[in-house]
Amino acid sequence: MKSYEAPGVVVSFDAEVCQHAGICVRGLPRVFDTTARPWIQPANATVDDVVSQVEMCPSGALSVQVTDGGDRQP
Ligand code: SF4
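Heads up: these notes are all about the structure in this document. Think of each chain on its own: its residues are numbered from 1, step by step along the sequence as written. Per-residue local features are limited, in this predicted model, to residues with pLDDT of at least 70; the limit for side-chain atom pairs, both in listing and counting, is 80 or more; totals at the level of whole chains, interfaces and linings are taken over all residues. Side-chain calculation: all heavy atoms of the structure are included, whereas hydrogens and water are not.

Each helix is a run of H or I in the DSSP string that is no shorter than four residues. Each strand is a run of E no shorter than two, and both are numbered from the N terminus. Structurally, Q53 is set in helix 2 (residues 47-55). Whether two residues touch is decided by their heavy atoms; if any such pair falls within 4.5 Å, the residues are in contact. Beyond its immediate stretch of four places on either side in the chain, Q53 contacts I23, C24, G27, L28 and F32.

Rendered as structure tokens:
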């Protein structure tokens, strides 16, 4: 499990659970880009967009935590 942090949000990714369906990459390519390092860059979208995309992950490989400093989440 690896974590990727940006202001207001932390995305975690478990490569062993990922089904490589590519839903994250297609849905939010600015954040989920397998050609970039690191491949998850949560700062490239709003916290809301990152949370919405993570919730669409079918395998549960992605998880998200909204942290202090987030400007939009309840
Ligand atoms: S949406 Fe989830 S299962 Fe699909 S590629 Fe992304 S992390 Fe893997």
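The next subject is the sheet that holds strand 1 (residues 2-6). Taken in spatial order, the 3 strands make up an open sheet running 1-2-3, and their pairing is antiparallel. Where the open sheet ends on each side, the last strands, each with one partner, are strand 1 and strand 3 (62-66). Across the sheet, the mean angle separating the axes of adjacent strands is 20° when strand polarity is ignored. Here, a strand pair is defined by DSSP locating no fewer than two bridges between the strands. Two strands pair when backbone bridges link them, and strand 1 and strand 2 (residues 9-13) are joined in this way by 5 bridges, in the antiparallel orientation. Looking at the pairing, E5 lines up with V10 of strand 2. Relative to the sheet, helix 2 contacts strand 2 and strand 3, its axis offset from that of strand 3 by approximately 150°. Every axis corresponds to a line fitted to the C-alpha atoms, with the helix fit spanning only the stretch in contact, and the corresponding angles, defined between N-to-C directions, vary from 0 to 180 degrees.

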